[in-house]
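# A look at the structure
Each chain, letter by letter, is given below.
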Amino acid sequence: MVCGSAGAADRSTAIEDVSIVDVLTAAIHAHQTVVIAGDRIVSIGGTAPAGARVINGRGKFLIPGLWDMHVHLWYKENQLPTYIAFGVTGVRDMGSDFERTSAWRAAIERGEAIGPHIVTSGPVVDGAPSDNDKLPVIVARDAPEARRAFDRLWNMNVDFIRVSSALPFDSYTAIAELARHWHVPIEGQIPTNVPALQAIEARQASIEHLEGVTHAASTDAEAIEFFEDCAVHDVSITPTLVLWQRMAHQGDDGLKSDPRLKFVAASIRETWPALGADNDTREVRKRRDAIYRLVSLATRTKVEVLAGTDTGDPYTIPGATLDDELEQLVEAGLTPHQALKSATIEPARFLGWDEKMGTIEKGKVADLVLLGGNPLADFRNTGKVEGVFAQGRYYSRGDLDLILAGEKK
Ligand SMILES: [Zn+2]
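The present account deals with the structure reproduced in this document. (Residues numbered from 1 in each chain as written. Predicted model: local features only at pLDDT ≥ 70, side-chain atom pairs only at ≥ 80, totals over all residues.)

## Points about the overall build of the protein
Threshold: Segments assigned H or I by DSSP are reported as helices when at least four residues long, segments assigned E as strands when at least two residues long, and all are numbered from the N terminus. Neighbour counting defines burial: a residue surrounded by 20 or more other C-beta atoms within 10 Å of its own C-beta is buried, one with 12 or fewer is exposed, and intermediate counts give partly exposed, using backbone-placed C-beta atoms. Contact between two residues is assigned whenever their backbone-derived C-beta positions fall within 7 Å.
Per the secondary structure count, the protein includes 14 helices and 17 strands. With the C-alpha coordinates aligned to their principal axes, the bounding extent of the protein is approximately 65 × 45 × 40 Å. In the protein, which comprises 409 residues, the proportion classed as buried is 47%. Considering only intrachain contacts with a sequence separation of at least 6, the fraction spanning at least 24 residues in the protein is 69%.

## A word on helix α11 (residues 320-332)
Put simply, the test is: Given the number of residues in a helix, its expected span is that number minus one, multiplied by 1.5 Å.
Between the first and last C-alpha of α11 there are 19 Å, a value that for 13 residues agrees with the 18 Å anticipated at 1.5 Å per step. Taken as a whole, α11 has its buried residues at Ala320, Thr321, Leu322, Asp323, Glu325, Leu326, Gln328, Leu329 and Ala332. Considering only its buried residues, α11 is in contact with β6 (66-71), β7 (88-93), α8 (241-248), α10 (281-298) and α12 (336-342). Two residues or fewer after α11 comes glycine 333, characterised by a positive phi angle close to 130°.

## A few points about the sheet that holds strand β9 (residues 124-126)
Inclusion rule: Two strands pair if DSSP finds at least two bridges between them. Note on definitions: angles span 0 to 180 degrees between N-to-C directions of axes, and those axes are lines fitted to C-alpha atoms, for helices only across the stretch in contact.
Here we have 6 strands laid out as an open sheet, ordered β10-β9-β11-β12-β13-β14, and parallel in their pairing. Across the chains shown, the open sheet's two edge strands, defined by having one partner strand only, are β10 (137-139) and β14 (236-238). Sheet twist, expressed as the average angle between the axes of neighbouring strands with direction ignored, equals 30°. As defined by bridge partners, β9 adjoins β10 across 3 bridges and the pair is classed as parallel.

## Focus: helix α3 (residues 143-156)
The cut-off we apply is this: Taking the helix axis as origin, the arc is that swept by the directions to the C-beta atoms.
With 14 residues, α3 ought to run about 20 Å at 1.5 Å a step, and its terminal C-alpha atoms sit 20 Å apart, in line with that. Of all the residues in α3, the buried ones are Ala146, Ala149, Phe150 and Leu153. The buried residues of α3 occupy an angular sector of 100° when the element is viewed end-on, so they sit on one face. Exposed residues lying more than 90 degrees from the buried face of α3 are Pro144, Asp151 and Asn155. Buried residues along α3 sit against β9, β10, β11 (161-163) and α4 (169-182). Positive phi appears at asparagine 157, one or two residues downstream of α3, with a value of about 70°.

## Looking at the sheet that holds β6
Taken in spatial order, the 3 strands of this open sheet run β6-β7-β8, and their pairing is parallel. The open sheet has two edge strands with one neighbour each: β6 and β8 (117-120). Taking the axes of each pair of neighbouring strands and ignoring which way they run, one obtains an average angle of 15° across the sheet. Sheet topology note: the β6/β7 ladder contains 4 bridges and is parallel. Paired with leucine 66 across the bridge in β7 is valine 88.

## Overview of the packing of α8 against α11
Our working rule: Here the angle decides the label: under 35 degrees means roughly parallel, over 145 means roughly antiparallel, 65 to 115 means roughly perpendicular, and every other value means oblique. Residue classes follow a fixed rule: Ala, Val, Leu, Ile, Met, Phe, Trp, Tyr, Cys and Pro count as nonpolar, while Asp, Glu, Lys and Arg count as charged, and any other residue, Gly among them, counts as polar.
Across the interface, α8 lies against α11 with an axial gap of 8 Å and an inter-helix angle of 95°. As summarised for this structure, α8 and α11 are arranged roughly perpendicular, according to the angle between their axes. Here α8 contributes Leu241, Val242 and Gln245 to the contact with α11, which in turn contributes Thr321, Asp324, Glu325, Gln328, Leu329 and Ala332. Broken down by class, the residue content of the contact of α8 with α11 amounts to 4 nonpolar, 3 polar and 2 charged.

## Some points on unusual backbone geometry
With the exception of glycine, most residues fall at negative phi, and the peptide bonds are largely trans. Unlike most non-glycine residues, alanine 26 shows phi in positive territory, near 70°. Looking at the element boundaries, alanine 26 is found in the loop between β1 (13-21) and β2 (28-37). Positive phi, close to 50°, is recorded for glutamine 391, a residue that is not glycine. As for its position among the elements, glutamine 391 is in the loop between β16 (385-390) and β17 (393-396). Residue classification places glutamine 391 among the partly exposed residues on the basis of 19 C-beta atoms within 10 Å.

## Re the environment of glutamate 77
Its location among the elements puts glutamate 77 in the loop between β6 and α1 (80-85). Residue classification places glutamate 77 among the exposed positions, given that 10 C-beta atoms sit within 10 Å. Apart from residues no more than four positions distant in its own chain, glutamate 77 is found in contact with Ala265, Ser267 and Ile268.

## Considering the environment of lysine 256
Mapped onto the elements, lysine 256 comes out in the loop between α8 and α9 (266-269). Looking at lysine 256, the number of C-beta atoms within 10 Å reads 14, which means it is partly exposed. A sequence separation of 19 residues divides lysine 256 from leucine 275, and the C-alpha atoms of the two residues are 8.0 Å apart.

Right, here's the structure in full:
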């Protein structure tokens with residue numbers, strides 16, 4: 001049976017007496033009734049309609065569904081329901097098998113499968129073949145190859161073009177030119193051979209991991225100027241702080257003893273490399289610290305920060321790792337309010353979907369997370385998920401536990 005869908009279309013649901021977190025202003029609107037019908041929020045502040053299913057929201061806080069803006073849906077095992085169990089109702093997939101991901105997305109959209117909204121790049125465009133057999137790559141060693149890569153991706157109808165580190169300068173500029181002409185966003189790392197400022201001028205929509213920025217901005221003033229420039233050119237940043245943390249902790253046991261790892265299929269965990277201190281941890285920690293410093297400087301500017309985790313990597317848990325990223329963003333200097341924005345309204349704006357997502361408003365898609373505490377007062381409350389609406393379908397805590405146990409798909 002399809003989870004939570006029985007009768008959902010013809011029966012509305014009301015969350016009564018709930019505190020709504022306004023992610024635009026950080027205000028808390030207490031004692032509200034939110035009514036959901038079909039996949040939409042149909043009223044806020046009124047009363048529950050007759051015959052509606054009622055959910056008691058007393059003492060609970062309602063936030064918009066969360067987005068993880070950097071994941072990889074690259075396992076053949078379907079991890080999408082797990083995202084929902086942690087309140088993640090949208091993901092941006094930065095590289096996976098396009099056909100498989102599209103089939104999952106279609107099943108979710110038809111209401112036949114549990115999962116978040118998905119935007120996806122399909123294969124990555126890079127200058128060399130993939131060293132990761134899960135990540136499909138289109139190789140573009142020069143401008144003609146880059147133009148052919150663009151045509152292939154255009155015909156596949158991908159949501160955006162994902163560029164990666166080893167893409168040569170000429171390939172990058174050829175793709176950027178076509179992408180600008182045909183209005184396809186380019187997103188990804190700044191390739192090693194592309195100066196950071198050039199990527200901004202090419203209107204690369206998002207900069208992942210911030211690695212290329214450390215070269216462009218060695219002083220605080222340069223970094224601030226760089227991020228101001230990003231804001232002016234509508235370039236967002238996805239620091240993926242948890243990725244840097246994972247790399248800096250390869251040598252200790254914290255990663256592998258995370259009890260939430262049980263929510264990842266054993267067949268996936270078995271493919272992960274054992275952890276060891278074989279990479280130069282001191283060097284990686286220095287790089288991590290440089291990225292954290294950049295994020296703290298970014299908060300002084302208007303650049304938009306997107307929460308992303310690189311989930312799909314070893315030792316990540318779909319959805320749960322986003323809670324960690326939000327915590328790390330606060331650690332790096334974002335306010336809890338800014339961190340919450342980075343996973344709600346900022347992703348919606350980034351995708352051009354803020355008319356229908358990103359805040360709790362009448363008429364918007366009912367992607368909602370019911371929390372056991374105020375996330376702005378204590379950020380760990382984003383982990384206290386008591387219920388989730390994904391495109392109007394409600395999952396109680398009991399439903400979410402069944403999803404996590406693999407008994408509800
Ligand atoms: Zn990635």
